[in-house]
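Understanding the architecture of this molecule
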Amino acid sequence: MKYSWVFNGHRSFLQQDTRRFISQRTGNLYVAKVEASDVGNYTCAVRNMMTNTTVFSSPTPVVVRRDVVMGEYEPKIEVQFPDTLYVSKGSSIKLECFALGNPVPSISWRRADGNPLPGKIKINHSTGDLEIPYFRPEDAGMYECVAENSRGRNAARGQLIFQNVEHLQWTQILKDAHMAIDANLQWECKAIGKPKPRYRWLKNGQPLTAKERVHVDAGRLTISTIRLSDSGMYQCVAENEYGSLYASAELKVVASPPDFTHRPVKKSTVIQRGGEVVLECRPNASPRAMISWWRGGELLRNSKR
């Protein structure tokens, strides 16, 4: 999935800069130091990279109160990476960091252990993202995002841990999932090793325990009747006395009102008297929409016909 936002119905997507940030983990749009030019309608666009289709939300208006003037204040970090991330050799990792504040905070990155940032690191100075390609053991450590303006500074830290995979090997890993509300999810990971590995699960770096809708059976995780709160980064951990192996995947829960853009209802249908007709009503919606039909202001009910 890729998240974008449209401002006032413009054909082009809203461009990110030091004031505006779109999280690709949550889809949220953040605006630091709102200005008069930000007043208008905002529409979220979600693109499915597998099917190359885009779904749009209903517009959300933003209005600036003229009777209140926001004073200057120190940075407040709204988007940050998990406290702990396990990264396998050769993979790429992207860390998000964004702060609200007035004046608009600047974002910088450093290693908390005092070591210099690897030269291969890519930092997007417009959005504040940090990306580490081709992760190696020497890239592991504590990373710190610093947000700063004239009123003060704030920081967020996270530990990147290199996986030891010499005595373990995955035979089945996880894939990112994009699910509708009320759907059911099942993930399964499998690893081989000697001794035989044990499994446990993490969500956003914290231990995941079985409860009402969440069931854990070794390397199998099942979440029934998915809710928005289930969104997040999940990790399956396979471990034995020689080390641990981590498989990561993100669960994005999609919620959208009924939309007839891609499957519009026909404006007119010609039929013969005494014939049969089927009128289709198949909007895109998450969760699944409840369908009703009206004729001339009267609600239609099931009958023999």
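Bear in mind the structure is a predicted one, so any value in this text is a computation, not a measurement.

The subject of this paragraph is the UniProt feature "domain: Ig-like" (unreviewed entry) in the protein. With numbering aligned to this structure, UniProt lists the feature "domain: Ig-like" (unreviewed entry) at residues 1–57, 75–161, 189–252 and 258–305. Within residues 75–161, the helical portion is 0% and the strand portion 54%, while the C-alpha atoms at the span's ends are 28 Å from each other. Split by type, residues 189–252 is 0% helix and 61% strand. Its first and last C-alpha atoms lie 19 Å apart.

What follows covers the sheet that holds strand S14 (residues 141–149). The 4 strands lie next to each other as S8-S15-S14-S11, forming an open sheet whose pairing is mixed. Only two strands of the sheet have a single partner each, and these edge strands are strand S8 (84–87) and strand S11 (106–111). Shown here is a sheet whose adjacent strand axes are inclined to one another by a mean of 25°, direction ignored.

It is worth spelling out the pairing of strand S17 (residues 177–180) at this point. Remember that side chains alternate between the two faces of the sheet whenever the strand is regular. Going residue by residue along S17, you find Ala-177 and Met-179 tucked away on one face and His-178 and Ala-180 left uncovered on the opposite face. Examined bridge by bridge, S17 and strand S25 (residues 243–254) share 4 bridges and lie parallel to one another. Across the sheet, residue Ala-177 finds its bridge partner in S25, namely Leu-251.

Moving on to the sheet that holds strand S18 (residues 185–188). The strand order across the open sheet built from 3 strands is S18-S23-S22, with neighbouring strands paired in antiparallel fashion. Strands with a single pairing partner mark the edges of an open sheet, and in this sheet they are S18 and strand S22 (214–217). Each neighbouring strand pair of the sheet contributes to a mean axis angle of 10°, computed without reference to strand direction. With 4 bridges joining them, S18 and strand S23 (residues 220–223) adopt antiparallel strand pairing. Among the inter-strand pairings, Leu-185 is bridged to a residue of S23, identified as Ile-223.

Here we take up unusual backbone geometry. Cis peptide bonds are those with omega within 30 degrees of zero, and the linkage from Asn-102 to Pro-103 qualifies with 5°. Within the chain, Lys-33 stands out as a residue other than glycine whose phi angle is a positive 55°. Positive phi is not limited to glycine here, since Ala-218 has a value of about 55°. Note that Ala-218 resides in the loop between S22 and S23.

Cut-off values and rules
- Residues numbered from 1 in each chain as written.
- Predicted model: local features only at pLDDT ≥ 70, side-chain atom pairs only at ≥ 80, totals over all residues.
- Heavy atoms only, no water.
- UniProt positions renumbered as here; feature names shortened; annotations may be inferred.
- Helix = DSSP H or I, 4+ residues; strand = E, 2+ residues; numbered from the N terminus.
- Pairing = 2+ DSSP bridges.
- Axes fitted to C-alpha atoms, helices over the stretch in contact; angles between N-to-C directions.
- Buried < 20%, exposed > 50% of the residue type's maximum accessible area, 1.4 Å probe, protein only.

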